[in-house]
Amino acid sequence: MTKKEAREIIRQRKAALGKKLIILGHHYQNDDIIEFCDYIGDSLELARKAAGIREAGTIVFCGVYFMAETASILAPEKHVFIPDPSAGCPLADMARIEDIEGAWELITCIDRDITPATYVNSSALTKAFCGRNGGIVCTSGNAEKVFRWAFKKTKKILFFPDRNLGRNTAISLEIPENSIVEWDPDRDMGGLNEETILRSKVILWKGWCPVHWPQLKPSDIKNMREKHPGVRVIVHPEVDPKTVKASDEAGSTSRILEYIRSLPPGERVAIGTEFNMVNRAATDFKETLAIMPLKKVLCEDMEKITVETLAGTLSDLKYAHEVTVADDIAQGARIALERMLRI
Ligand code: 13P
Ligand code: SF4
């Protein structure tokens, strides 16, 4: 199938299905896909949208697997499809449920005053673990709120899988550095001891997004500022704390776009996140702002959604990949997701 044919199929199927179909797209999708999306957002907005869909019975999710899975959990009566089920998230894969359960058992033997919180970039099983254990989900758009919610309940948080988002959030809440410790799932007792666990307030899982870390560095910001004096720098909080410190602002993908919209004409902005989104913003704002990538970084998994795979999905939904989550897992995961959506 050529790209042209694929685009024609998508147009025809969208017209035929009308309001029965909604196509959701994450900001990291490329322009070819964004053109066909009915709604575009960050992870939090897409979760809220999926939870609130009334009319459409079919959701096609253009993003990575955990996002489609989240939509399926929040909209259990809908059929949710993903154009390529191999579009995963390496960060989500860094928190395996058996490792989390093992860590939880060891940690809670030492201190039970702890809440588990998972980044939405995680499996349904991981979210269900949080739901069952009084925990919650967060996104990069509400992590501070979620940490505050958890600290009202318990004096500690076990946060997985993104060490960078976790540490950036803890720092912005002024948690002392010596109360933030890291659990390495590949080491005995996570590489910690009873004393460090007892004095900690935040236990971070040792996981990271390979698109943002260690690719985006403080030295990239330094070079950018030398080359473009006066440039503003905004990064995604999946970069490490040193890179956040060297930037002017950090936020979710939608927060980054909101920041750009708030700038007066003539500004230069360097954005530290996935290239498709940065490139689109550069085109959209080209009349008023000079927008550039801090570095060209791409998410290979997001790239797996193409007009060809989207056309393949829409041509015959009977043979497309429907994302389903077993009822018992979905129930637990929904508890943790709904806690997040309520705060
Ligand atoms: P946002 O929630 O900010 O859109 O981020 C999702 C993501 O996967 C970033 O790498
Ligand atoms: Fe996962 Fe990173 Fe890709 Fe986001 S950019 S989907 S965290 S691999």
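Residues numbered from 1 in each chain as written. Chains lettered and ligands numbered in written order. Predicted model: local features only at pLDDT ≥ 70, side-chain atom pairs only at ≥ 80, totals over all residues. Heavy atoms only, no water.

Participant: Explain the overall build of the chain to me, please; I cannot follow it from the model alone.
Facilitator: Of regular secondary structure, the chain possesses 16 helices and 13 strands. Taking 2.2 N^0.38 as the reference for a compact globule, 343 residues should give roughly 20 Å; the C-alpha atoms of the chain span a radius of gyration of 20 Å, in line with that estimate. Projecting the C-alpha coordinates of the chain onto the three principal axes gives extents of approximately 65 × 55 × 30 Å. A buried classification covers 56% of the 343 residues belonging to the chain. Approximately 14900 Å² of the chain is accessible, and the part contributed by carbon and sulfur atoms is 49%. (Helix = DSSP H or I, 4+ residues; strand = E, 2+ residues; numbered from the N terminus. Rg over C-alpha atoms; globule rule 2.2 N^0.38 Å. Buried < 20%, exposed > 50% of the residue type's maximum accessible area, 1.4 Å probe, protein only. Areas by Shrake-Rupley, 256 points an atom, 1.4 Å probe, with all protein chains shown as cover.)

Participant: For this particular structure, what's the right way to read the site of ligand 2?
Facilitator: Taken together, Tyr28, Val64, Cys89, Pro90, Leu91, Asn121, Cys209, Val211, Glu238 and Cys299 make up the full set of residues adjacent to ligand 2. Across the shell around ligand 2, the residue classes break down as 8 nonpolar, 1 polar and 1 charged. (Near = heavy atom within 4 Å. Nonpolar A, V, L, I, M, F, W, Y, C, P; charged D, E, K, R; others polar.)

Participant: Would you explain helix H4 (residues 65-74) in this entry?
Facilitator: In terms of burial, H4 is largely enclosed, as 9 of its 10 residues are buried. Residues of H4 that are buried: Phe66, Met67, Ala68, Glu69, Thr70, Ala71, Ser72, Ile73 and Leu74. For H4, the secondary structure elements touched by its buried residues are strand E1 (21-26), helix H3 (43-52), strand E3 (58-62), strand E4 (79-81), helix H7 (124-132) and helix H16 (327-342). (Contact = heavy atoms within 4.5 Å.)

Participant: How do you make sense of the packing of aromatic side chains when you look at a structure like this?
Facilitator: The relation between two aromatic rings is expressed through the spacing of the ring centres and the mutual angle of the planes. One pass over the full model with this rule turns up 6 aromatic pairs. Ring geometry for Trp208 versus Trp213: centroids 5.6 Å apart, planes at 70°, classification edge-to-face. Taking relative accessible area as the criterion, Trp208 reaches 26% and is therefore assigned partly exposed. Taken together, the aromatic side chains of Trp104, Phe129, Phe160 and Trp205 make up a single cluster linked through ring pairs. In this arrangement the basic side chain of Lys49 is found over the ring face of Tyr39, its NZ or CZ atom lying 4.8 Å from the centre. The ring centre of Trp213 lies 4.9 Å from the NZ or CZ of Arg163, which sits over that ring. (Phe/Tyr/Trp six-rings, centres within 6.5 Å; stacked < 30°, edge-to-face > 60°. Lys NZ or Arg CZ within 6 Å of the ring centre and 35° of its normal.)

Participant: Looking at this structure, I do not really get the site of ligand 1. What am I missing?
Facilitator: Neighbouring ligand 1 are the residues His26, Tyr28, Asp42, Ser43, Asn121, Ser140, His212, His236, Glu238, Ser252 and Thr253. With respect to ligand 1, the side chain of Asn121 contributes an N or O atom lying 3.2 Å from an oxygen atom. Within the contact set of ligand 1, an oxygen atom lies 2.9 Å away from a side-chain nitrogen or oxygen of Ser140. Here ligand 1 has 300 Å² of accessible area as a free molecule, and 95% of this is covered by the chains. Across the shell around ligand 1, the residue classes break down as 1 nonpolar, 8 polar and 2 charged. (Polar contact = N/O pair within 3.5 Å; in protein donor to acceptor, adjacent residues only side chain to side chain.)

Participant: How should I be thinking about the sheet that holds strand E13 (residues 290-293) in this particular structure?
Facilitator: What links the strands of a sheet is backbone hydrogen bonding, and the strands pair in either a parallel or an antiparallel sense. The sheet built from 4 strands is open, its strands ordered E11-E10-E12-E13 with parallel pairing. In this open sheet, the two strands that pair with only one neighbour each are strand E11 (249-250) and E13. Packing against the sheet, helix H13 (residues 253-261) makes contact with strand E10 (232-235), E11, strand E12 (268-272) and E13, and its axis sits at approximately 160° to E10. Each of E12 and E13 touches helix H14 (residues 275-284); the most contacted strand, E13, lies at about 165° to it. (Pairing = 2+ DSSP bridges. Axes fitted to C-alpha atoms, helices over the stretch in contact; angles between N-to-C directions.)

Participant: For this particular structure, what's the right way to read the sheet that holds E4?
Facilitator: Read from one edge of the open sheet, 4 strands run E2-E1-E3-E4, paired in parallel fashion. In this open sheet, the two edge strands, each paired with only one partner strand, are strand E2 (39-41) and E4. Taking the axes of each pair of neighbouring strands and ignoring which way they run, one obtains an average angle of 20° across the sheet. Across the face of the sheet, H3 comes into contact with E1, E2 and E3 while running at roughly 140° to E2.

Participant: Would you mind showing me how to read the pattern of salt bridges here?
Facilitator: When charged atoms on two side chains of opposite charge get close, those side chains can pair. Going through the model one piece at a time under the given rule, you end up with 26 salt bridges. For Asp32, the salt bridge identified is with Lys3, shortest N-O distance 2.6 Å. Residue Asp32 is found in helix H2 (residues 31-34), and its partner Lys3 is found in helix H1 (residues 3-17); the two are separated by 29 residues along the sequence. On the basis of relative accessible area, Asp32 is assigned to the partly exposed category, the value being 22%. The partner of Arg255 in a salt bridge is Glu258, with the nearest N and O atoms 2.6 Å apart. On the criterion of helical spacing, the pair formed by Arg255 and Glu258 is a turn pair, its members being 3 residues apart in helix H13. Assessed through its relative accessible area of 43%, Glu258 is described here as partly exposed. Among the charged side chains, a network of salt bridges with common partners joins Lys3, Arg7, Asp32 and Glu35. (Salt bridge = Lys/Arg side-chain N within 4 Å of Asp/Glu carboxyl O.)

Participant: Explain unusual backbone geometry here, please?
Facilitator: Residues apart from glycine generally show negative phi values, whereas peptide bonds are mostly found in trans. A cis amide bond links Phe160 with the next residue in sequence, Pro161, at an omega value of -10°. Checked against the element boundaries, Pro161 lands in the loop between strand E7 (156-160) and helix H9 (163-172). Going from Trp213 to Pro214, the amide bond is cis rather than trans, its omega being 5°. Positionally, Pro214 belongs in the loop between strand E9 (202-205) and helix H11 (218-227). With phi around 60°, Glu174 is a residue other than glycine that occupies positive phi space. Assignment of secondary structure puts Glu174 in the loop between H9 and strand E8 (180-183). In this structure, Met189 takes a positive phi of about 50° despite not being glycine. Within the secondary structure, Met189 is located in the loop between E8 and helix H10 (194-199). Classification of Met189 as partly exposed rests on a relative accessible area of 25%.

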